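# Commentary on secondary and tertiary structure
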Amino acid sequence: MNAAHAQGTGFPVSFEFFPPKTPEGADKLRVARQQLYALHPDFCSVTYGAGGSTQEGTFGTVREILSEGVGAASHFSCIGATRQSVREQLATLKAMGVKRLVALRGDLPSGYGAGGEFQYASDLVAFIRAETGRDFHIEVAAYPEVHPQAKSPEADLQAYVTKVRAGADSAITQYFYNSDAYFRFVEDAHRLGADVPVVPGIMPISSSTQLMRFSDACGAEIPRWIRLRLQSFGDDTASIKAFGLDVVTDLCDQLRTAGVPALHFYTMNQSAATLEICRRLGI
């Protein structure tokens, strides 16, 4: 780790946004993005809805970010996709100037079978590599606390290793608040020969109800002490935000001290919490 990183100046960060659903949402996101660009992100990623339901919105937001002079990564899910549809989307993204993809299986829409020509994210990664060579930097998802649909922790780790072998360049994790889970995951993956950089995904805490809902859905663990503290604040949003900033800043500090390659913030299309955490970290 070089001296610049050790002092926290210029530490690599990236941000995730979701495609806004309304014109007001789009305006708010533009403002949030401009504020976050002050941190000179390596790139900004844009999520993709179940079954590609937001694909137009995703590509539109990616196009805007690129036009603002910042690197943009498109989420790319393969549920319900065909080789031909993926080929066309890759051509569109390449023409737009996208250099980075976040390749995911994607969530199954409710009532949806296993349809489509790709069953796993690893199939998608292998296909993108075969079709486009080194045109894209491919990110994949990693689950330090185990994917909620995995049969077992071993099966989940194996699925991750398969994605790396299929051609992933690096990984971004599901958010977590227990750094031990991250370190153990990276160690286990390395032991199996998957040694690409694993960037921690960071979720700022600004609302406890939202956090509980998300975490139940995606299998991220909220440590008991954090959960109890958040519950004890009731509707006191100022206390929830202050506590959340302390907890997440400490987490980022631990991770950075341990030499993680970068930090990826799940911004929820807001800028305040991420800006404050990075300010405290001296980024």
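Residues numbered from 1 in each chain as written. Predicted model: local features only at pLDDT ≥ 70, side-chain atom pairs only at ≥ 80, totals over all residues. Heavy atoms only, no water.

### Regarding helix 11 (residues 272–281)
Turning to helix 11, its buried residues are Thr 274, Glu 276, Ile 277, Cys 278 and Leu 281. Structurally, helix 11 contributes buried residues whose contacts are with strand 1 (13–17), helix 2 (23–36), helix 10 (237–257) and strand 9 (263–266). At the exit of helix 11 stands Gly 282, carrying a positive phi of roughly 75°. (Buried < 20%, exposed > 50% of the residue type's maximum accessible area, 1.4 Å probe, protein only. Helix = DSSP H or I, 4+ residues; strand = E, 2+ residues; numbered from the N terminus. Contact = heavy atoms within 4.5 Å.)

### What to know about the pairing of strand 4 (residues 100–104)
The buried fraction of strand 4 is high, at four of five residues. Taken together, the five bridges between strand 3 (residues 72–77) and strand 4 define a ladder with parallel strand orientation. Each residue of the ladder has a partner; that of Phe 76, found in strand 4, is Ala 103. Of the crossover connections in this fold, the one passing from strand 3 over helix 4 (residues 83–96) to the parallel strand 4 is right-handed. Sheet topology note: the strand 4/strand 5 (residues 137–142) ladder contains four bridges and is parallel. What sits directly across from Ala 103, in strand 5, is Val 140. (Pairing = 2+ DSSP bridges. Right-handed = clockwise from strand over helix to strand, strands pointing away.)

### Focus: the packing of aromatic side chains
As enumerated under the stated definition, the model contains nine aromatic pairs in all. Plain terms: the ring middles of Trp 225 and Phe 243 are 6.1 Å apart, the flat faces sit at 90° to each other, and that makes the pair edge-to-face. Residue Trp 225 is located in helix 9 (residues 224–232), and its partner Phe 243 is located in helix 10; the two are separated by 18 residues in the primary sequence. The class of Phe 243 is buried, set by a relative accessible area of 6%. Taken together, the ring pairs connect Phe 176, Tyr 182 and Phe 183 into an aromatic cluster. (Phe/Tyr/Trp six-rings, centres within 6.5 Å; stacked < 30°, edge-to-face > 60°.)

### A short note on the sheet that holds strand 7 (residues 198–199)
Reading across from one edge, 7-6-5-4-3-2-1-9-8 is the order of the nine strands in this open sheet, with parallel pairing throughout. Across the chains shown, the open sheet's two edge strands, defined by having one partner strand only, are strand 7 and strand 8 (201–202). The strands touched by helix 3 (residues 55–67) are strand 1, strand 2 (44–46) and strand 3; relative to strand 3, the strand with the most contacts, the crossing angle is about 165°. (Axes fitted to C-alpha atoms, helices over the stretch in contact; angles between N-to-C directions.)

### Brief notes about the pairing of strand 1
Within strand 1, five of the five residues are buried, which leaves the element mostly enclosed by the surrounding structure. On strand 1, burial covers both faces: Val 13, Phe 15 and Phe 17 on one face and Ser 14 and Glu 16 on the other are all buried. Of the strand pairs in this sheet, strand 1 and strand 9 are connected by four bridges, and their pairing is parallel. In the sheet register, Glu 16 faces strand 9, and the bridge partner there is Tyr 266. By the bridge criterion, three bridges tie strand 1 to strand 2 in an arrangement that is parallel. In the sheet register, Glu 16 faces strand 2, and the bridge partner there is Ser 45. Tracing the backbone out of strand 1, into helix 2 and back to the parallel element strand 2 gives a crossover that is right-handed.

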